[in-house]
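# Commentary on secondary and tertiary structure
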Amino acid sequence: MSTVAKTPRPTDAVVSARVFDVEKIRRDFPILQQTVHGKPLVYLDNAATTQKPLAVMEAVENYYRRDNSNIHRGVHTLSERATEHYEMARTSIQRFLNAADSKEIIFVRGTTEAINLVAQTYGRQNVGSGDEVLITAMEHHSNIVPWQMLCEEKGAKLRVAPINDQGELLLGDFEKLLGPKTKLAAVSHLSNALGTINPVREIVRMAHAKNIPVLVDGAQAAPRMKVDVQELGCDFYAISGHKMYGPTGIGALYGKTKLLEAMPPYQGGGDMIASVTFEKTVYNRLPYKFEAGTPNIADTIGLGAAIEYLQQLGVEEIERHEHDVLAYATRQVGAIRGITIVGTAKEKAGVLSFTIDGIHPHDIGTILDSEGIAVRTGHHCAQPVMQRFGIPATARASFGLYNSREEVDALVAGIHKVIEVLG
Ligand SMILES: Cc1ncc(COP(=O)(O)O)c(C=O)c1O
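Here we summarise the structure given alongside this text. (Residues numbered from 1 in each chain as written. Predicted model: local features only at pLDDT ≥ 70, side-chain atom pairs only at ≥ 80, totals over all residues. Heavy atoms only, no water.)

## Concerning the overall build of the chain
Assigned secondary structure in the chain consists of 15 helices and 17 strands. Considering only C-alpha atoms, the chain reaches an extent of 70 × 65 × 55 Å along its principal axes. Looking at the 423 residues of the chain, the share that counts as buried comes to 55%. Long-range pairs, those at least 24 residues apart, make up 72% of the contacts in the chain with a sequence separation of at least 6. Accessible surface for the chain amounts to roughly 18900 Å². Of this, 51% is attributable to carbon and sulfur atoms. Both charge centroids of the chain, one from 44 positive and one from 48 negative side chains, sit 3 Å from each other. (Helix = DSSP H or I, 4+ residues; strand = E, 2+ residues; numbered from the N terminus. Buried < 20%, exposed > 50% of the residue type's maximum accessible area, 1.4 Å probe, protein only. Contact = heavy atoms within 4.5 Å. Areas by Shrake-Rupley, 256 points an atom, 1.4 Å probe, with all protein chains shown as cover. Lys, Arg positive; Asp, Glu negative; His and termini not counted. Charge placed at Lys NZ, Arg CZ, Asp CG, Glu CD.)

## A few points about the pattern of salt bridges
Using the criterion set out here, one finds 19 salt bridges in the structure. The shortest N-O distance in the salt bridge between K183 and D131 comes to 3.4 Å. Residue K183 is found in strand β7 (residues 182-188), and its partner D131 is found in the loop between α5 (111-126) and β5 (132-136); the two are separated by 52 residues along the sequence. Taking relative accessible area as the criterion, K183 reaches 26% and is therefore assigned partly exposed. The closest approach of N and O atoms between R405 and D324, which form a salt bridge, is 2.8 Å. You can see R405 sitting in helix α15 (residues 405-422) and its partner D324 sitting in helix α12 (residues 315-334), a full 81 residues away along the chain. Accessibility expressed as a relative area gives 32% for R405, which makes it partly exposed. Among the charged side chains, a network of salt bridges with common partners joins K39, E371 and K417. (Salt bridge = Lys/Arg side-chain N within 4 Å of Asp/Glu carboxyl O.)

## Observations concerning the side chain of E139
As for its placement among the helices and strands, E139 is situated in the loop between β5 and α6 (145-154). One buried charged residue, E139, forms no salt bridge at all, with the nearest opposite charge on R396 at 13 Å. A distance of 2.8 Å separates polar atoms of two side chains, one belonging to E139 and the other to N143. Here S188 takes part through its backbone nitrogen, which lies 3.0 Å from a polar atom of the side chain of E139. Those residues in contact with E139 that lie beyond four places of it in its chain are I144, A186, V187, S188, C381 and A382. (Polar contact = N/O pair within 3.5 Å; in protein donor to acceptor, adjacent residues only side chain to side chain.)

## Focus on the pairing of strand β14 (residues 351-356)
Burial analysis of β14 places six of its six residues in the buried class, the great majority of the element. Because side chains alternate across β14, one face comprises the buried residues V351, S353 and T355, and the other comprises L352, F354 and I356, equally buried. Bridge count between strand β13 (residues 339-342) and β14: four bridges; the pairing is antiparallel. Paired with T340 across the bridge in β14 is T355. One ladder, built from four bridges, connects β14 with strand β17 (residues 394-398); its direction is antiparallel. (Pairing = 2+ DSSP bridges.)

As structure tokens, then:
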């Protein structure tokens with residue numbers, strides 16, 4: 001009888017290192033293989049948009065090469081294949097967000113359109129004169145302006161829950177602002193300007209205790225952390241494909257069936273109807289009631305491929321890796337003299353916003369670019385956040401699954417160069 005030598009069980013660290021091989025992952029992203037101004041590209045603008053893996057590009061190309069055809073209407077083979085792939089993407093998103101049913105996933109252009117859809121349907125139906133919509137002081141413009149427009153139209157009031165100096169939501173104030181007139185609360189899961197992760201489950205619990213539905217802007221959270229809409233309990237959740245390694249121009253709105261059923265359609269046209277006469281139109285069932293016209297079929301299929309890619313890598317693994325890179329960047333960048341990190345919440349992910357004494361963020365961005373490092377500078381579509389911190393702008397490094405500690409070292413060297421040249 002032969003004996004089999006027992007191999008020692010690998011530690012978590014070993015497993016993690018083996019599973020999450022950044023160098024290998026980077027080979028899936030052709031765009032990262034280039035030099036910019038003669039330096040290897042260090043792409044740290046992932047909160048604006050992420051790069052696309054080959055799997056996504058191939059899915060879009062394959063659709064155009066083999067299956068291009070309109071969906072839902074045709075009986076021919078190409079149309080059936082296109083419909084199948086389009087609907088498979090919906091199921092992938094349903095599983096990714098753990099929605100109860102795929103009909104709760106509505107395809108839209110992105111987070112902005114998802115929020116506008118809710119404002120223009122649920123909002124117009126339920127918000128009246130003297131009512132209130134509650135948001136927070138850390139919202140992106142897309143989770144401010146649609147509510148402002150609705151409130152203006154209806155004579156309602158936009159209320160804003162404050163944040164502290166670390167960029168954390170003051171939960172007690174938020175709860176106090178949930179009043180009898182509040183018809184909806186809309187909060188970001190992860191702030192694009194500060195990196196703050198909001199305690200969404202707690203927020204939902206507070207709002208639901210007063211029968212107030214909650215919309216969550218998940219544009220930054222969905223690519224960075226495990227999202228389970230049933231566990232969060234939220235009523236709506238908005239995502240953008242291009243921030244999740246998928247194509248631009250496609251995203252999704254999750255909504256609870258009961259709410260979506262009761263909402264009027266967003267736009268009228270083909271596909272969103274069951275029958276039409278000149279006297280009366282009967283709307284289609286969910287989710288098609290909200291998807292008028294020929295949709296963005298190719299990019300929906302691309303988004304489906306992106307979701308599969310994320311799931312193959314493992315969302316928890318991605319979260320752990322990005323946490324490590326952000327923690328390292330916070331220590332290294334924070335140690336540089338003259339740097340102020342804007343947004344120091346205990347619960348953070350993905351985003352490092354900073355200023356340098358006496359140097360305009362725009363100049364930081366320009367010099368970093370000359371070193372091949374892409375960061376974003378400006379107000380990050382969150383002007384009220386800048387006002388809250390009394391600054392016009394920040395420089396923002398935002399991390400993705402393919403970023404490494406070595407790239408953080410390049411950023412640190414770049415910042416030293418900025419200080420040397422302009423400080
Ligand atoms: C927190 C947050 N919400 C909403 C948006 C808007 O997303 P999109 O432009 O994809 O609609 C962004 C984009 O930067 C964001 O960061």
